[in-house]
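In case you want the letters, here they are:
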Amino acid sequence: MLNVKGLYHSYSKDEHYAVQDMTFQVEKGEIFGFLGPSGAGKSTTQSILFGLLELQRGEVSIDGMSVKKLSDDFFNMIGVSFESPNVYKNLTGLENLKFYSKMFNVATEKPEELLKEVGLGKDMNKKASQYSKGMLQRLVFARSMINNPKIWFLDEPTSGLDPETASRIKAIIKRKKDQGTTIFLTTHNMNIADELCDRVAFVNDGKIILIDTPQKLKLRYGERSVKVEFMDQEKLRTEFISLVDKQGQSQLQKLVETGRIVTMHSQEASLEEIFISVVGRGLI
Ligand SMILES: Nc1ncnc2c1ncn2[C@@H]1O[C@H](COP(=O)(O)OP(=O)(O)OP(=O)(O)O)[C@@H](O)[C@H]1O
Ligand SMILES: [Mg+2]
């Protein structure tokens, strides 16, 4: 669905690259996570993919159409939810969506329905200037779905939202995936990536470090261990025991034989810990 080959971008048009030699494909119906710290080049890449930034070097095609030849067909099939909400502040939420829907020459979704879905049903007739940051973000999110896009670009779709609203947004993303939408999701948030993405790309300093499924990354990089709580002279103690080496295995066996274990849980490395161990830095 999305094919990217040898992508480079330099804002200063010299040898300082914000994006360097990126090559990847995203399959139809896949949620592909683009993960990396601030300044890694995520938004720059995303902007090139949907034609907002000029393609300087490399190849990008969506559903067989090159971004070099932008056409109505291209814009009709993409949806973009920007990191910083760009809406008409003097229009209401509903008027914003109605106005935007006229820009497409394909069938569009009902603005009222979309606004209800993202939890703005009660506020759809308020001017966008009166919306909070989270409400604006949801307005932009709803707007990006109006043309029922084949490929949907989401930049930090849940950042700054309360947990309940974030769950609502995540449920919409999952439903769209089930309906066959291809989703390119940019985020710092490893929990969201883990929960939603079929595959993730770790990005740092403008380069892709690796691409894999969250499950495989955990198997490959996550050290298998168990957290054991046990009674030790009337006191509850906690130990993390590695299952990888012989020493850990025999320590665990001995503890089991004492019959003093209270709880035992297997531990999995989080995607965030894996990012730090692979890339050598955290996500902030
Ligand atoms: N308009 C611009 N002009 C010049 N440099 C820019 C511009 N936009 C981004 N950059 C630089 O390009 C690099 C990549 O920025 P980009 O916005 O793509 O990062 P990001 O991964 O999206 O970060 P964040 O997580 O903070 O959104 C950074 O070094 C940034 O300073
Ligand atoms: Mg960004």
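For the structure, check the block above.
Going along each chain's sequence as written, the residues are numbered from 1 onward. Chains carry letters from A onward and ligands carry numbers from 1 onward, assigned in written order. Residues qualify for local features only when their pLDDT is at least 70, as the model is predicted, and side-chain atom pairs are given and counted only at 80 or more; totals for whole chains, interfaces and linings, by contrast, use all residues. Excluding hydrogens and water, the side-chain values take into account all heavy atoms of the structure.

Trainee: Tell me about the sheet that holds strand 3 (residues 31-35), and name the residues and values.
Mentor: In space, the six strands of this open sheet follow the order 6-7-8-3-9-10, with mixed pairing throughout. The strands lining the two open edges of the sheet, one partner per strand, are strand 6 (78-81) and strand 10 (207-212). On average, adjacent strands in this sheet sit at an angle of 15° to one another, irrespective of strand direction. Here four bridges tie strand 6 to strand 7 (residues 151-155), and the two strands are oriented parallel to one another. Looking across to strand 7, one finds that S81 is bridged to L154. For two strands to pair, DSSP has to find at least two bridges joining them. Secondary structure follows DSSP: runs of H or I at least 4 residues long count as helices, runs of E at least 2 residues long count as strands, and numbering of each begins at the N terminus. Helix axes use the C-alpha atoms of the stretch in contact, all axes being lines fitted to C-alpha atoms, and the angles between their N-to-C directions lie in the range 0 to 180 degrees.

Trainee: Describe the environment of L120, naming the residues involved and giving the relevant values.
Mentor: Structurally, the position occupied by L120 is in the loop between helix 4 (111-117) and helix 5 (133-143). Whether a residue is buried, partly exposed or exposed follows from its accessible area with a 1.4 Å probe, protein chains only, as a fraction of its type maximum: under 20%, in between, or over 50%, in that order. Assessed through its relative accessible area of 0%, L120 is described here as buried. Between the C-alpha atom of L120 and that of A142, which follows or precedes it by 22 residues, the distance is 9.4 Å. Excluding residues within four positions of it along the chain, L120 makes contact with L115, Y131, M135, R138 and L139. Residue contacts are defined here by distance: any two heavy atoms, one from each residue, within 4.5 Å place the two residues in contact.

Trainee: Give a description of the environment of K218 that names residues and reports values.
Mentor: Tracing the backbone through its elements, the reader meets K218 in helix 8 (residues 214-221). Remark: the alpha-carbon pair of K218 and F34, spanning 184 residues in sequence, is separated by 17 Å. In protein, a polar contact means a hydrogen-donor-capable atom and an acceptor-capable atom, both N or O and within 3.5 Å, with residues adjacent in sequence counting only if both atoms are side-chain atoms; elsewhere, any N or O pair within 3.5 Å suffices. There is a polar contact of 2.8 Å between the side chain of K218 and the side chain of D194.

Trainee: Go over the environment of G79 with me, naming the residues and quoting the values.
Mentor: Topologically, G79 is positioned in strand 6. The class for G79 is buried, based on a relative accessible area of 2%. The spatial distance from the C-alpha of G79 to the C-alpha of S144 is 4.7 Å, given a sequence separation of 65 residues. For G79, the residues in contact, after removing those within four places along its chain, are S144, N147, P149, I151, W152 and F153.

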